[in-house]
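Architecture and fold: a report
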Amino acid sequence: MMEAGHAGQIAFEDAEVPTGIDMRPVAPALIPIEAYTSPEYAARESEHLWGKVWQQACREEEIPNVGDYVTYDIVDESIIVVRTAPDEVQAFYNVCQHRGRQITKGCGNAKQFICRFHGWRWKITGETAFINDRKGYDGYLTNENTSLEPVKVESWGGWIWVNMDPDSEPLRDYLEPVATLLDPYQLEKMRYRWRQWLVFPCNWKTALEAFNESHHAAISHPQLCEWGTTPFYWCRTAGKHAWHGPAISNGPGKPGTQTCDSSIQPPDVRDPRVTLSESLNAIMEGVNSCTTDTMLAAAARVVEELPPGTPADVVAERFNQVAQEIDAERGITWPELDPDLLPETGHDWHVFPNAVILQGITYALCYRARPNGADPNSCIFETYVIERYGEGEAPSTEWVNVPDPTDPRWPEVLQQDFGNMPYVQRGMKSRGFKGARPNPRQEVPVYNFHKTLAEYMGTGAPQPLRKEA
Ligand code: FES
Ligand SMILES: [Fe+2]
């Protein structure tokens, strides 16, 4: 047993993975710090990574009307994403073809795009509409050779994705198997519940890697232990992408029997009705997501309806019935999930390079991390929750900048994650640090991230970990 950072916890050096769990480990590897700290590496990312990958620019709901646009900034590039017809979105490089002024900033609605410098204009479909003193160019400038430069754009899951590489594979091919495995959750039917961002003093990968593994959950979020957080998580990879889920031997979605704190009774020996209700309320309080008001109401009703001591499977079944009834009254039909597929979808997806999705049946908690300009020690970090709503129920939301990571508007669990990130960034620069050594069974998404990144960047893959080093 080793000491952990929080009183009352045990560690898991000698704990066994629950039986029947396929952990699929990778070979232990050493990840050099260059990718996190080098200004030269960050500069090369702009071309080799961001210029090549599909990336989430915004959600469809951010541009519901024709003419609505969002300006998506990534490192030193800027892209206009605009709805050009009720069922069509286009994207253009955000640069005036006269002398290079950026055209849009933020979001809005445009009849035409107008450059503020000398007044050149374009239709929202990118064709040139006005060139100031066109005659002065003696016919050298035409509408064709001054139109806005297009960027590839496609839709999946309710997000609008852009890719600056004209030769890139189609979005769906890029996303597979993420798209097929998450399609049943109907993420495209979800709408923002809340969305916040901040500039954070760490590399965008340092930020992302606080959320693409759950190995840290029991230590960094000790309060979750009370609700059955498992000490083990299985991981899966498929090409660029990776995902993971709790290694619980008594079935997906069921409370685990092995908690991470020896002083806490396993949830399944308490009254399952009360455990369910208390855990959902604690999760809502701690994360402001990963459950819904419907589920809280359903859990409360189950406590009233069923007698104490009702077995966990009966509680779970009644809870599902009641929650679906409440949502049905709101016009929300729960998607039917294939019970064979469910254990394989886990709870946390890393969509390469910079998106994380924690999906539930009617909600998802999502993260996106981007470089903040050229500085490898700074990133823009966004957290948002999407949820299914009945017709007209979805709240009106906007991106809220909450710059202080200890601001109570950041839920407790996120504050705990934020509490690690800058110290990782600073610690990695120490002369005493050899490189990151992600757990070969439980932090496979971190390893896979750097393996894929190395392929894009043309650097070597993570080196095998040597016992003597
Ligand atoms: S730079 Fe845009 S009109 Fe001159
Ligand atoms: Fe966390």
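As a reminder, the structure under discussion sits directly above these lines.
Right, let's walk through the structure included here.

What counts as what
Residues numbered from 1 in each chain as written. Chains lettered and ligands numbered in written order. Predicted model: local features only at pLDDT ≥ 70, side-chain atom pairs only at ≥ 80, totals over all residues. Heavy atoms only, no water. 1 Å grid on protein atoms, 1.4 Å probe; cavity = no way out; pocket = protein on both sides within 12 Å on 5 of 7 lines; lining within 4 Å. Points joined across faces, edges and corners; volume = space filled by probe spheres on them. Helix = DSSP H or I, 4+ residues; strand = E, 2+ residues; numbered from the N terminus. Nonpolar A, V, L, I, M, F, W, Y, C, P; charged D, E, K, R; others polar. Buried < 20%, exposed > 50% of the residue type's maximum accessible area, 1.4 Å probe, protein only. Contact = heavy atoms within 4.5 Å. Donors = N, O, S within 2.8 Å, 3.2 Å for Na, K, Ca; no water. Tetrahedral: all angles 85-135°; square planar, octahedral: opposite > 155°, others 65-115°. Phe/Tyr/Trp six-rings, centres within 6.5 Å; stacked < 30°, edge-to-face > 60°. Lys NZ or Arg CZ within 6 Å of the ring centre and 35° of its normal. Axes fitted to C-alpha atoms, helices over the stretch in contact; angles between N-to-C directions. Parallel < 35°, antiparallel > 145°, perpendicular 65-115°, else oblique. Left-handed = near helix turned anticlockwise from the far one by under 90°. Salt bridge = Lys/Arg side-chain N within 4 Å of Asp/Glu carboxyl O. Pairing = 2+ DSSP bridges.

**With respect to the layout of surface pockets**
Approximately 730 Å³ is the volume found for the second largest pocket. Within the residue set of the lining of the second largest pocket, elements represented by two or more residues are α6 (217-220) and α12 (421-427). Of all the elements, α12 adds the most residues to the lining of the second largest pocket, at 3 residues. Class assignment for the residues of the lining of the second largest pocket results in 12 nonpolar, 7 polar and 5 charged.

**Brief notes about the environment of Phe130**
The topology assignment puts Phe130 in strand β9 (residues 128-130). By relative accessible area, which is 29% here, Phe130 ends up partly exposed. Along the sequence, Phe130 and Thr146 sit 16 residues apart, while their C-alpha atoms lie 9.8 Å from each other. Not counting residues up to four positions away in its chain, the partners in contact with Phe130 are Gly119, Trp120 and Arg121.

**Some remarks on the coordination of the iron ion (ligand 2)**
Around the iron ion (ligand 2), the donor atoms from the protein are His216 (NE2), His221 (NE2), Asp417 (OD) and Asp417 (OD), and they sit 2.0 to 2.7 Å away. Around the iron ion (ligand 2), the 4 donor atoms sit at angles spanning 53 to 146°, and that spread fits a shape best called irregular. Here the donor residues of the iron ion (ligand 2) are spaced in sequence according to H-x4-H-x195-D. Within this pair, whereas His221 is found in the loop between α6 and β13 (233-238), its partner Asp417 is found in helix α11 (residues 412-418), the two being separated by 196 residues in sequence. Both residues of the pair, His221 and Asp417, count as buried.

**A few points about the packing of aromatic side chains**
What the rule picks out here adds up to 20 aromatic pairs. In this structure an aromatic cluster arises from ring pairing among Phe200, Phe211, Tyr367, Phe381, Trp410 and Phe418. The side chain of Arg59 reaches across the aromatic face of Trp159, ending 4.5 Å from its centre.

**Focus: the packing of helix α7 (residues 272-287) against helix α8 (residues 293-305)**
Between α7 and α8, whose axes approach to 9 Å, the crossing angle comes to 155°. In this view, α7 runs roughly antiparallel relative to α8, as classed from their interaxial angle. α8 is crossed by α7, and the crossing has left-handed handedness. In this structure, α7 uses Arg273, Val274, Leu276, Ser277, Leu280, Asn281 and Met284 to contact α8, whose residues at the interface are Asp293, Met295, Leu296, Ala299, Ala300, Val302 and Val303. Its residues assigned to classes, the contact of α7 with α8 shows 10 nonpolar, 2 polar and 2 charged.

**Observations concerning the pattern of salt bridges**
In total, this model carries 20 salt bridges according to the counting rule given. When the shortest N-O distance is used, the salt bridge between Glu169 and Lys240 registers 3.5 Å. Taken together, the residues Glu169 in the loop between β11 (159-163) and α3 (171-175) and Lys240 in the loop between β13 and β14 (241-246) connect sequence positions 71 residues apart. If you follow the salt bridges from partner to partner, you end up with Arg301, Glu305, Arg318 and Glu325 in one network.

**A few points about empty space enclosed by the protein**
Any empty space left between the atoms is revealed when a probe the size of a water molecule rolls over them. For the structure shown, the criterion picks out 2 cavities of 30 Å³ or more. Each pocket or cavity is described by its volume, and for the largest cavity that value is around 60 Å³. Every residue along the wall of the largest cavity is listed here: Ala42, Glu45, Ser46, Trp50, Val75, Asn203, Trp204, Pro371, Gly373, Asp375, Pro376 and Ser378. Elements with a contribution of two residues or more to the lining of the largest cavity: α2 (39-50) and β18 (375-388). Per-element tally for the lining of the largest cavity: the top contributor is α2, with 4 residues. Looking at the lining of the largest cavity, its residues break down into 6 nonpolar, 4 polar and 2 charged. Within this model, the second largest cavity holds a volume of roughly 30 Å³.

**Some thoughts on the pairing of strand β5 (residues 88-93)**
Strand direction decides the pairing type here: strand β4 (residues 77-85) and β5, joined by 6 bridges, are antiparallel. Residue pairing for β5: Ile80 is matched across the bridge by Phe92. The turn linking β4 back onto β5 is made up of 2 residues. Sheet topology places β5 next to strand β10 (residues 150-156); 2 bridges connect them, and they run antiparallel. By the bridge assignment for β10, Ala91 is matched with Val151.

**Let's talk about the packing of α8 against helix α9 (residues 312-329)**
Direction vectors running N to C along α8 and α9 enclose 130°, while the axes themselves pass 8 Å from each other. As summarised for this structure, α8 and α9 are arranged oblique, according to the angle between their axes. Like other packed secondary-structure pairs, α8 and α9 cross with a definite hand, here right-handed. Residue-level contacts link Thr294, Met295, Ala297, Ala298, Ala299, Arg301, Val302 and Glu305 of α8 to Val315, Arg318, Phe319, Val322, Ala323, Glu325, Ile326 and Asp327 of α9. Residues of the contact of α8 with α9, tallied by class, amount to 10 nonpolar, 1 polar and 5 charged.

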